[in-house]
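Structural features, examined
Listed below are the residues making up each chain.
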Amino acid sequence: MPILSLSEKTIKTIKSITNSTYLDIIGLIIVVTTSIVLGYHNTEYKFSFQGKNYIFLLGYVSILNTSLSMIGNRLVTKKNNIGNLVTTCNTFLSGSIDFLLGNIGAILTYPVTFIGNYLVFKAWKKSTILRSIDFIFYRNLILGFVFSLILNYIAFKYLSDKPIDWKLFFAIVIPAGLTFGGTFNTARMYPDNWVMWQIYNLTKMIQNLLQMNIANTVKYVFYFFNAIIGYITWKDDKKKGTIISS
């Protein structure tokens, strides 16, 4: 996605969209409206505890989760460190929902994501320099996939009483690896890290379709678009040496 092929006027327009509050509102409307129209808010999780049957309103909680995730993502795109704090706090909720929807690996992978998001929040408080790709960028990606493979294999192999569903396994391992690597790299504010988030969003669309989580699927379609304009905005800010306030 060569930014140099875009005119200065086009880049300026894209940056105004990236940093607008209107796009935040549009994202929330997309998530909530899609969920309600598809009846996702009626999704229930039934379980038994001490001989009694219970119903958990998973749909409503998932809508709240995607809304908070949307807010955190948009704030990060606008280089607002509060977004990292929101994302950190929301990680527990995301992991719980993923686990209930069949992602057995969530019990091990989401704690790593929680710690990673918190470290990003701490890092942005110390430094807000937009960096070029270096050795650390690739090292973080490799570490992300190593963590994902090991933790998910342990979860699928030893924490589940079912045979490993390899299609689901890799549908979870790939986005989890990208999450770890992408989160580690977010701490160093690489504009090119948005390309990794685009790939991540594509894998999450596939994963959520397999789990029939339509609300999250729509959310990641929006995130894919947001990652594109985020890349263009951050790349231009780095080029011009824009001072960032987080």
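Above: the structure in question.
These lines cover the structure that appears in this document, whether it is placed above or below. (Residues numbered from 1 in each chain as written. Predicted model: local features only at pLDDT ≥ 70, side-chain atom pairs only at ≥ 80, totals over all residues. Heavy atoms only, no water.)

The next subject is the pattern of salt bridges. Think of it this way: side chains of opposite charge can pair up when their charged atoms draw near. Under the defined criterion, the tally for this structure stands at nine salt bridges. In this structure, Glu 8 and Lys 240 form a salt bridge, with 2.3 Å as the shortest nitrogen-oxygen distance. Pair noted here: Glu 8 is in helix 1 (residues 8-18) and Lys 240 is in helix 9 (residues 214-240), with a separation of 232 residues, a long-range link. Residue classification places Glu 8 among the partly exposed residues on the basis of a relative accessible area of 47%. A relative accessible area of 45% places Lys 240 in the partly exposed class. The closest approach of N and O atoms between Lys 15 and Asp 236, which form a salt bridge, is 2.9 Å. Residue Lys 15 is found in helix 1, and its partner Asp 236 is found in helix 9; the two are separated by 221 residues along the sequence. For Lys 15, a relative accessible area of 16% gives the class buried. Sharing partners across several salt bridges, the network here consists of Glu 8, Lys 15, Lys 79, Asp 236, Asp 237 and Lys 240. (Salt bridge = Lys/Arg side-chain N within 4 Å of Asp/Glu carboxyl O. Helix = DSSP H or I, 4+ residues; strand = E, 2+ residues; numbered from the N terminus. Buried < 20%, exposed > 50% of the residue type's maximum accessible area, 1.4 Å probe, protein only.)

Structurally, Asn 152 is set in helix 6 (residues 135-158). A relative accessible area of 0% places Asn 152 in the buried class.

With 24 residues, the main nonpolar core has Trp 124, Trp 194 and Trp 234 as its most contacted residues. By residue number, the principal contributor to this core is helix 9, which donates eight residues. Beyond its immediate chain neighbours, meaning those up to four positions away, Trp 194 contacts Thr 77, Asn 226, Ala 227, Gly 230, Tyr 231 and Trp 234. Ile 104, Ala 155, Phe 156 and Ile 164 belong to the second-largest nonpolar core, a separate cluster that totals eight residues. (Core = buried A, V, L, I, M, F, W, Y, C linked by side-chain atoms within 4.5 Å. Contact = heavy atoms within 4.5 Å.)

Once that is clear, we can look at unusual backbone geometry. Located in the positive-phi region is Lys 79, a residue other than glycine, with phi close to 60°. By the element assignment, Lys 79 lies in the loop between helix 3 (58-77) and helix 4 (82-100). Assessed through its relative accessible area of 5%, Lys 79 is described here as buried. In this structure, Met 189 takes a positive phi of about 55° despite not being glycine. With relative accessibility at 1%, the residue Met 189 sits in the buried group.

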